[in-house]
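Here are the chains, one letter per residue:
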Amino acid sequence: MRTLRVLATVALVAFATPALAQSLKVGDVAPDFTVTTATAKGVDAAAFTLSAHRGETVVLAFFPQAGTPGCTTQMEAYRDRYAALFKNGQKVTLLGISTDDTDDLTGWARKKNFSFQFAADGNKAVGKAYGASGMLWHKRHLYVIDPQGRIAYIARPFNQMSEDAYSALGAAVTAATR
């Protein structure tokens, strides 16, 4: 009976925390965070802090795991459509966020020629704040943060296999950058 109570408590904690973060909605101030980031060139010298990017649009793309088929499909689509979706990085920052470590993210970025930043969220703090933290990995969620630091668009989940998902993302980035 005690074991059953402990399991029930663990389940309650596991499911209650994401539910609170799920309450984030368009128009809310985006939760601030600081993370270590990496690119194909290696680990970035300076940490990424969301609030330091006020004045530009930031796209937070949570994904489960580097190198897996679905995540590769998603990030390759971002790479191949970078100019159209993310205005070639002009006042738009794309940040892929997973629980992978920086070595895995750097290796994957080099192998696939990804030019954007990836965040290592091993402790899942950012994922929890945005309701993207799953049992083992992050869920595939996407947030567009406008230049004032407010959430302008949410896709929970982001469907990496749907052309409509990329069209909606492009429209959301365009609307947020006006």
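Since the structure is predicted, the reported quantities are computational estimates derived from the model, not experimental observations.

J.: I'd love a proper account of the overall build of the protein chain, names of residues and values included.
T.: Of the regular secondary structure elements, the protein chain holds 6 helices and 8 strands. Listing every helix and strand of the protein chain by position from the N terminus yields α-β-β-β-β-α-α-β-α-β-α-β-β-α. Burial analysis of the protein chain (178 residues in total) assigns 47% to the buried set. Contacts in the protein chain between residues far apart in sequence, at least 24 positions, make up 66% of those at least 6 positions apart.

J.: I'd love a proper account of the pairing of strand β1 (residues 34-39), names of residues and values included.
T.: Of the strand pairs in this sheet, β1 and strand β3 (residues 48-49) are connected by 2 bridges, and their pairing is antiparallel. Along β3, the bridge assignment pairs Thr 34 with Thr 49. Two elements, β1 and strand β6 (residues 117-120), share 3 bridges in a ladder whose sense is antiparallel. Across the sheet, residue Thr 36 finds its bridge partner in β6, namely Ala 120. Examined bridge by bridge, β1 and strand β2 (residues 42-43) share 2 bridges and lie antiparallel to one another. Bridging across to β2, Thr 39 finds its partner in Gly 42.

J.: Explain a nonpolar patch on the surface residue by residue, including any values.
T.: Where nonpolar side chains cluster on the molecular surface, the patch consists of Met 135, Leu 136 and Trp 137 and spans about 380 Å² of accessible area. By secondary structure assignment, the location of Leu 136 is in the loop between α5 (125-129) and β7 (142-145).

J.: Explain the nonpolar core to me, and be specific about the residues and the numbers.
T.: Counting 30 residues, the largest nonpolar core has Val 59, Met 75, Tyr 78, Phe 86, Phe 118, Leu 142 and Leu 169 as the members making the most contacts within it. The set of elements that each furnish at least two residues to this core consists of β4 (57-62), α2 (69-80), α3 (82-86), β5 (92-98), α4 (102-112), β6, β7 and α6 (163-177). Top contributing element to this core by residue count: α6, with 6 residues. Among the nonpolar cores identified, the runner-up in size contains 18 residues, and Leu 50, Leu 60, Ile 97 and Ala 119 belong to it.

J.: Give a detailed account of the pattern of salt bridges, specifying residues and quantitative values.
T.: Overall, the coordinates contain 4 salt bridges when judged by the stated rule. With a shortest N-O distance of 3.1 Å, Glu 76 and Lys 112 are connected by a salt bridge. Note that Glu 76 is positioned in helix α2 and Lys 112 in helix α4, a separation of 36 residues in sequence. According to the relative accessible area criterion, Glu 76 is partly exposed, its value standing at 22%.

Definitions and limits used
- Residue indices follow the written sequence of each chain, beginning from 1 at its first position.
- Local features in this predicted model are restricted to residues whose pLDDT is 70 or higher, and side-chain atom pairs enter the listing and the counts only when it is 80 or higher, whereas totals over whole chains, interfaces and linings include all residues.
- The side-chain figures draw on all heavy atoms in the structure; neither hydrogens nor water molecules are used.
- Only DSSP runs of H or I covering at least 4 residues are called helices, and only runs of E covering at least 2 are called strands; the numbering of each starts at the N terminus.
- When accessible area is computed with a 1.4 Å probe and restricted to protein chains, residues below 20% of their type maximum are described as buried, those above 50% as exposed, and intermediate ones as partly exposed.
- Note on definitions: a residue-residue contact is assigned when non-hydrogen atoms from the two residues lie within 4.5 Å.
- Two strands qualify as a pair provided that DSSP identifies no fewer than 2 bridges between them.
- For patch building, the residue pool is restricted to those with more than 30% relative accessible area and no salt bridge; the joining distance is 9 Å between like charges and 5 Å between nonpolar side chains (Val, Leu, Ile, Met, Phe, Trp, Tyr).
- In these tables, accessible area is a Shrake-Rupley quantity obtained with a 1.4 Å probe, and a residue counts as shielded only by the protein chains included in the view.
- Salt bridge, as applied in this entry: a Lys or Arg side-chain nitrogen positioned within 4 Å of an Asp or Glu carboxyl oxygen.
- Only buried residues count toward a nonpolar core, which is a set of Ala, Val, Leu, Ile, Met, Phe, Trp, Tyr and Cys residues joined through side-chain atoms within 4.5 Å.

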